[in-house]
Each structure stands twice: as C-alpha cells, then as structure tokens.
Amino acid sequence: MKRAKRAAPGPLPVLGLLLLGALPGLWTVLLRREAAALPEPRPPAGQSPGRWDWGRSPAARGESGGGGQKTFRTLLAVPAAATEREERDGEERLAVTDSQPPADTASPVERGIFWSRELEEQVPPGFAAEEAAAWLSAARAARVASLERGGCGRSSNRLARLSDGSRACVRYGINPEQIQGEALSYHLAGVLGMQERLPPMALALVEARGRQWEPVREELRGSHWAEGAVVSLTRWVDNLTAVVAPAPWGAEAGAGRRLQPLSAGELVGLPPSQLVELVQWSDLILFDYLTANFDRLVSNLFSLQWDPRVMRRATSNLLRAPDGGLVFMDNEAGLVHGYRLLAMWDPYNEPLLRSVCVFREGTARRVAELHRRRSAAAELRRRYRAREPLWARLGFLSERQAELLQARVDFVHRHIAHCRAQ
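So, how was this worked out
- Residues numbered from 1 in each chain as written.
- Predicted model: local features only at pLDDT ≥ 70, side-chain atom pairs only at ≥ 80, totals over all residues.
- Heavy atoms only, no water.
- pLDDT = per-residue confidence, 0-100.
- Helix = DSSP H or I, 4+ residues; strand = E, 2+ residues; numbered from the N terminus.
- Contact = heavy atoms within 4.5 Å.
- Pairing = 2+ DSSP bridges.
- Axes fitted to C-alpha atoms, helices over the stretch in contact; angles between N-to-C directions.
- Disulfide = S-S within 2.5 Å.
- Buried < 20%, exposed > 50% of the residue type's maximum accessible area, 1.4 Å probe, protein only.

With an unreviewed UniProt entry as reference, the chain is termed FJX1 protein, source organism Callaeas wilsoni.

Structure follows, in structure tokens:
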C-alpha cells in the first residue's frame, strides 16, 4: 500500500495545470456578476447632480469654488421629459425623450419662475382680510382686562387679555422706531399681497387713566411703560410651533457652504406639504429683503460664525400654524431699524434673495407695478394712513428711507427679470 501511494503523484501536476488554466475564466465570470449587481454610475460632469451630489462641497464635486451660485429657479425647475442613458463612443450622455410625465405628476413651477397655480391653491389661507379687519376693530374698541408677563418676547412686553375674551401681545419698544417698523412692515405686507401671513396688528396709546387701560392701571405701574407711549397690539395665536429652515437654506448654510436650494432631482419626490412650505419661504425671503429685517433667518446665518449648528434650530420670529401655514412674527426690525444697519446685514440678506428664483406670480406682479410706477413709499403711506388711526403718532418713513424702499423694490424687480432671462 505504501508503494501505491508513492505512485499517485504522477497525475497531480497535470491536474494542477488544468485548474490553473481555468482560473482566468472563472474570475471573469465573477467580475461580470459583481458588476451587474452594482448601482449605475454617477451622471457625467455637467449634468444636474440630483441626488448624486447632494450635501457634498463644490470641491468634492470637481467644481470651482468661485463658480456661480445656483438659483432657486434652475434647481427647482422640474424636467418635463424623462431621461434615458445612452453610450456613444465610450462617453456616457443623458438624452431627453419625448415621453411625458405621468398624468398625476404636475410640475410645481410654471413658465420657469412662478409657482404653479395648483400648488399655490394648497397654501393655507392664513389670516383672511375680513377676519383680520374684524379682529382689529374689536381690539381697538376693547378694554384691556389683564396684563401678564411671558409669551410675547422681550421682558418689557405683555400678554393682554381683552374684554371681548381675545388675547393680544402688547409690544413696548425699546425705542419708538421698533413699533414704527412693526406697523409699517405689517402694512407693506398688505401692499405686496402677503399680509395674510402676518397676524393682525394695531397701534394703541398707553393712557393709565384712559378707558382702554383703566382696568390694568396697577399693572401699568409695574411695567415701567411711559405714559403716552405707542405700543402695538398683535393678535395672539394658539398652537404655533417652531420652524427650522428647510434644506435649500438650512442644510447648505449649516454645512458652511454657499446657499444652495434643492436640486431638481430631489424636488420631484418632495411631498406637497414641503412644496407648500417652500412657496411661503419664497415670499418670506423677498419680504425680509425689502424690509431689511435682520431678526429672522439672517440672524441665524450671522450666528453661524460661532454656532455651526444654529441652522438646525428654530428660525427666529417664524412659527407654523396647525394647518401648515407660516406666521411671520415680530417684524419690528424691518424698514426703520433695519435701514439704519444695511451695511452690517445686507451681506446676509442679499445672498438669501439671490437664492430664490421661483416666486408667487402675484408677488412678482406687485413688485413690477411698484417698480414701474416708482410708488413703493406712496402706496405704503396711503395704506398706512387709511388703515391705522394712530399713524401720525409715529410718523412715516423719512425721505431717505422712502428712497431706500424704492431702491430695494427695484433691486428685487431686476432680480426677478434676471431669473426670467436664464
């Protein structure tokens, strides 16, 4: 038996050689199977990255850091045709087919720069004009039944319970221009057709012995409010929740990159609720640019220099109603106060405006009319004087402030025209 075992190695070298020759073929089969299981490669350079590059820096995408900023329009426009991948001469390209999107998929953008009518119809109505007018009339006639601390911002403010059962935030400005800015911002929103996003606001004169304030005379003494001061009464709204900036602004700014809106590829899959919120954000950013309001998203952007996580937190002075409608709160930094600090805050307000290139058509139409007639300050003055009985107590914009308002309207109009031309 030992001699037979020694004779066995004779054919082994031959068998080894056969197995060695078969290895390349087996390896090729395995590689092909593995390649078939891998996902498709990334789109070629120059194409919209969609979900491929979201969250990566321009350098990581092979782009120059000094490249032009992507606009809201180009990144939110939804392609009307499907894409299919072709290979020609070894170079991968994207070809557009003639196939139409499914019947139940509607583009959120019309004519390149306007939110679709279907999408705008889904935006919560906010504070209807008739409802706001009724509350303002009742609040001016009501007596202040009680004043409470907390819930309305600064320690100098109070939550008032009115004799008709409603509640209001009473804001006492550190200086009169804050209350003036609150009132003028509210009525400018009316000129722009977006006043439904702001809670109804009226001015009131503090008179301890007057009919309106007599029930809270003792509370007034503890408030340290000056007799004869003008305060604002803003309707209290229950069940409001905090709002974090959506991805177009929050994600990019929070990562230390230039402001980048959502990509076209990502927009297709967004639920209607997120699209509806973006419609409201486009109005908010335009409004804050016109008023030079630095006490909202701009203040969050400013805080990034020492708090890199601030964009993941609530946006200042912006709340959400239970129906999903955004509420533009506490606008006292707008116009008067904001115009004094343009040099400090416009480096943040301007990039925000430029990141928006899709607008509500009604908003764009009103901006175009104010630009054509050069009537921004005149329209605001007319509305303010007609709807606010105490307007003369605080006065109106100075000549220089009126010029700044018109200049900012003109800037927004040129920006919209630039978006249209792209």
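Participant: Would you explain the confidence of the model for the chain in this entry?
Facilitator: Close inspection of predicted coordinates is inappropriate for parts of the model with low pLDDT. Mean pLDDT over the chain: 78, with 71% of residues reaching 70 or higher. The secondary structure element of the chain with the lowest average pLDDT is strand β2 (residues 91-96), at 30, and the one with the highest is helix α15 (residues 376-387), at 98. Every residue in residues 1-9 is under pLDDT 50, and counting partners more than four places away or in other chains gives zero contacts. In the model, residues 261-265 has pLDDT below 50 throughout and makes 18 contacts with residues more than four positions away in sequence or in other chains.

Participant: Can you help me understand the sheet that holds strand β10 (residues 241-244) in this one?
Facilitator: Within a sheet, neighbouring strands are paired by backbone hydrogen bonds and run either parallel or antiparallel to one another. With antiparallel pairing, three strands are arranged side by side in an open sheet as β10-β11-β12. The open sheet has two edge strands, β10 and β12 (326-328), and neither has a second partner. Recorded for the sheet is a direction-independent mean angle of 55° between the axes of neighbouring strands. Inspection of the sheet shows strand β11 (residues 314-320) paired to β12 by three bridges, in the antiparallel sense. Bridge pairing in β12 places R320 opposite L326. Contacts between helix α10 (residues 272-291) and the sheet are confined to β10, β11 and β12, with β12 contributing the most and set at about 10° to the helix.

Participant: Is there a simple way to think about the sheet that holds strand β9 (residues 230-235) in this case?
Facilitator: The five strands lie next to each other as β5-β6-β7-β9-β8, forming an open sheet whose pairing is antiparallel. On the outer flanks of this sheet lie β5 (144-148) and β8 (201-205), each paired with one strand and no other. Taking the axes of each pair of neighbouring strands and ignoring which way they run, one obtains an average angle of 30° across the sheet. Direction of pairing for β5 relative to strand β6 (residues 158-162): antiparallel, over a ladder of four bridges. The partner of E148 across the bridge, within β6, is L159.

Participant: Before we go on, may I ask you to explain the state of the cysteines in this structure?
Facilitator: A covalent bond bridging the sulfur atoms of two cysteines is what the word disulfide describes. Tallied over the full model, the rule gives two disulfides. The disulfide bridge from C152 ends at C169, spanning 2.1 Å between sulfur atoms. Disulfide C152-C169: torsion about the S-S bond near -80°, hence left-handed. Pair noted here: C152 is in the loop between β5 and β6 and C169 is in strand β7 (residues 167-171), with a separation of 17 residues, a long-range link. There is no split in this pair, since C152 and C169 are both buried. Two residues, C357 and C419, share a disulfide whose sulfurs are 1.6 Å apart. Across the S-S bond of C357 and C419 the torsion is about -105°, and the bridge reads as left-handed.

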